[in-house]
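Coordinates in review
Spelled out, the chains give:
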Amino acid sequence: MAGIDLEVIYGTALELAAKAGEMIRDAFWKEKSVDTKMSAADLVTETDQAVESTVKAIISAKYPNHKFIGEETTAAAGNHCVWTDEPTWIIDPIDGTTNFVHSIPEVTFSLGFTLNKQVVIGVVYAPIKDELFTAKLNQGAFLNGKKLTVNKTKDISKAVVIMEGGSSRDVDIVDKKIKNIHAMVTNSHGVRAYGSAALNLSHIAAGRGDAYVEYGIHVWDFIAGALIAKEAGATVLDPTGSELDYMHRRVLCACTPELAKQISEKLIHLDMGFD
Ligand code: IPD
Ligand code: CA
Ligand code: CA
Ligand code: CA
């Protein structure tokens, strides 16, 4: 797109990650004021709101014509967001709010920048651990500047699969998720959950696990991590095996296409709607 210098955008993305990281670190050990949204387990804190409004203000001052999608802005607008071909910043101010509330260090700031609905920059910053995952389209993925490559695991019997319970407390959804976890536990080396979709994808990029599957996430949870995982060599698909739709609230990421296929065939595919 004319007039867009992706190196400048990338520089801003790193500045925003540093700023968000500082705000998250400052608040991490302090008492938090916690509110709930769609369910008793769907949490939001003052820091989620403060990080999002700070980042949004910096973006709109620097790039007044760019679009912005953020979790808390979308919640305030009745959970409605529109993603267009325009240059768009897609932000999750804190991915892993439950971890943040409970002082568990797996919390991240997640930022994806899209052009023509293609994600071209992804940044996931875990400020408590000071781990910065970055990717630019077709230029690889990095952790604190070190190039990342996914594992080579092809068979589920040798895989570690990352899965989450999620924040829905709908019993039918939870029941199906438990069946999926059962299917993975009984067939793999084990199941893990880190409590941040962005970090789960970044972990696959870094070879800290072989696959990740989740139903019920939103575009801001996984747009940046999906680019990071893809750039490290992962297969990132809709869990049914079809092409990923970032608005369809579900993802399957695996270090090899063979593993993705095996996992896809063992899952109950939940449809939790579109963003
Ligand atoms: C949540 C995290 C979590 C996932 C949930 C998300 P939040 O995001 O990504 O890993 O299981 O579905 O909502 O609310 O902490 O930003
Ligand atoms: Ca949330
Ligand atoms: Ca999130
Ligand atoms: Ca969030």
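The rules behind each value
Residues numbered from 1 in each chain as written. Chains lettered and ligands numbered in written order. Predicted model: local features only at pLDDT ≥ 70, side-chain atom pairs only at ≥ 80, totals over all residues. Domains from an automatic or database assignment. Contact = placed C-beta atoms within 7 Å. Helix = DSSP H or I, 4+ residues; strand = E, 2+ residues; numbered from the N terminus. UniProt positions renumbered as here; feature names shortened; annotations may be inferred. Buried ≥ 20, exposed ≤ 12 C-beta atoms within 10 Å, placed from the backbone. pLDDT = per-residue confidence, 0-100. Pairing = 2+ DSSP bridges. Axes fitted to C-alpha atoms, helices over the stretch in contact; angles between N-to-C directions. Near = placed C-beta within 6 Å. Nonpolar A, V, L, I, M, F, W, Y, C, P; charged D, E, K, R; others polar. Parallel < 35°, antiparallel > 145°, perpendicular 65-115°, else oblique. Left-handed = near helix turned anticlockwise from the far one by under 90°. Arc of directions from axis to C-beta.

**Here we look at the domain arrangement of the protein**
For the protein, the assigned domains are domain 1 (6-147) and domain 2 (156-265). One C-alpha centre belongs to domain 1, the other to domain 2; they are set 20 Å apart. With 33 residues of domain 1 at the contact, the number on the domain 2 side is 25 residues. If you list the elements that add at least two residues to the side of domain 1 that touches domain 2, you get strand 3 (67-70), strand 4 (88-95), helix 4 (97-101), strand 5 (108-115), strand 6 (118-126), strand 7 (131-136) and strand 8 (141-143).

**So, the UniProt feature "binding site: Mg(2+)" (unreviewed entry) in the protein**
In this numbering, the UniProt entry assigns the feature "binding site: Mg(2+)" (unreviewed entry) to E71, D92, I94, D95 and D221. Spatially, the listed residues are clustered: although they cover 151 residues, their C-alpha atoms lie within 9.5 Å of one another. Tracing the sequence through the fold places E71 in helix 3 (residues 71-76). Setting aside residues no more than four positions away along its own chain, E71 makes contact with D92, P93, H218 and W220. By secondary structure assignment, the location of D221 is in helix 7 (residues 219-231). Take D221: there are 26 C-beta atoms within 10 Å of it, and that puts it in the buried class. Ignoring any residue separated from it by four or fewer positions in sequence, one finds D221 in contact with D92, D95, A197 and A198.

**Focus: the confidence of the model for the protein**
Mean pLDDT over the protein stands at 97; residues scoring 70 or higher make up 99%. Prediction confidence for the complex, expressed as pTM and ipTM, is 0.98 and 0.97 respectively.

**Some remarks on the sheet that holds strand 8**
Strand order in the open sheet made by the seven strands is 3-4-5-6-7-8-9, with mixed pairing throughout. Two strands lie at the open edges of the sheet, namely strand 3 and strand 9 (146-147), each paired on one side alone. Across two bridges, strand 8 lies against strand 9 in antiparallel orientation. Residue L143 lies in a different strand from strand 9, and its bridge partner there is K146. Taken strand by strand, helix 6 (residues 197-205) contacts strand 4, strand 5, strand 6, strand 7 and strand 8, and its axis lies near 100 degrees from that of strand 6. Running over the sheet, helix 7 touches strand 3, strand 4, strand 5, strand 6, strand 7 and strand 8 and is turned about 100 degrees from strand 6.

**Some thoughts on the site of ligand 1**
Around ligand 1, the structure places 17 residues, and the nearest of them are D95, T97, E164, G166 and A197. Mapped onto the shell around ligand 1, the elements with two or more residues apiece are strand 4 and helix 4. The biggest single contributor to the shell around ligand 1 is strand 4, with three residues. Here the residues of the shell around ligand 1 are counted per class, giving three nonpolar, eight polar and six charged. In terms of domain composition, the shell around ligand 1 takes at least three residues from each of domain 1 (6-147) and domain 2 (156-265).

**Some words on the packing of helix 1 (residues 6-28) against helix 2 (residues 46-62)**
Two elements in contact, helix 1 and helix 2, have axes whose closest approach is 10 Å; the angle formed by their N-to-C orientations is 155 degrees. Here helix 1 lies roughly antiparallel to helix 2, going by the angle between them. Here helix 1 and helix 2 pass one another in a crossing that is right-handed. On the side of helix 1, the interface is formed by T12, L16, K19, A20, M23, I24 and A27, while helix 2 contributes T47, A50, V51, T54, V55, I58 and K62. A class-by-class count of the residues in the contact of helix 1 with helix 2 yields nine nonpolar, three polar and two charged.

**Observations concerning helix 8 (residues 257-266)**
Within helix 8, the full set of buried residues consists of L259, A260 and I263. Relative to the axis of helix 8, the buried residues are bounded by an arc of 100 degrees and lie together on one face. Summarising the contacts, the buried residues of helix 8 are in contact with strand 10 (160-163), strand 12 (211-215), strand 13 (235-237) and strand 14 (250-254).

**Comments concerning the environment of M247**
You can see M247 is positioned in the loop between strand 13 and strand 14. Assessed through the 13 C-beta atoms surrounding it within 10 Å, M247 is described here as partly exposed. Placed 213 residues apart in sequence, M247 and V34 show a C-alpha to C-alpha distance of 27 Å.

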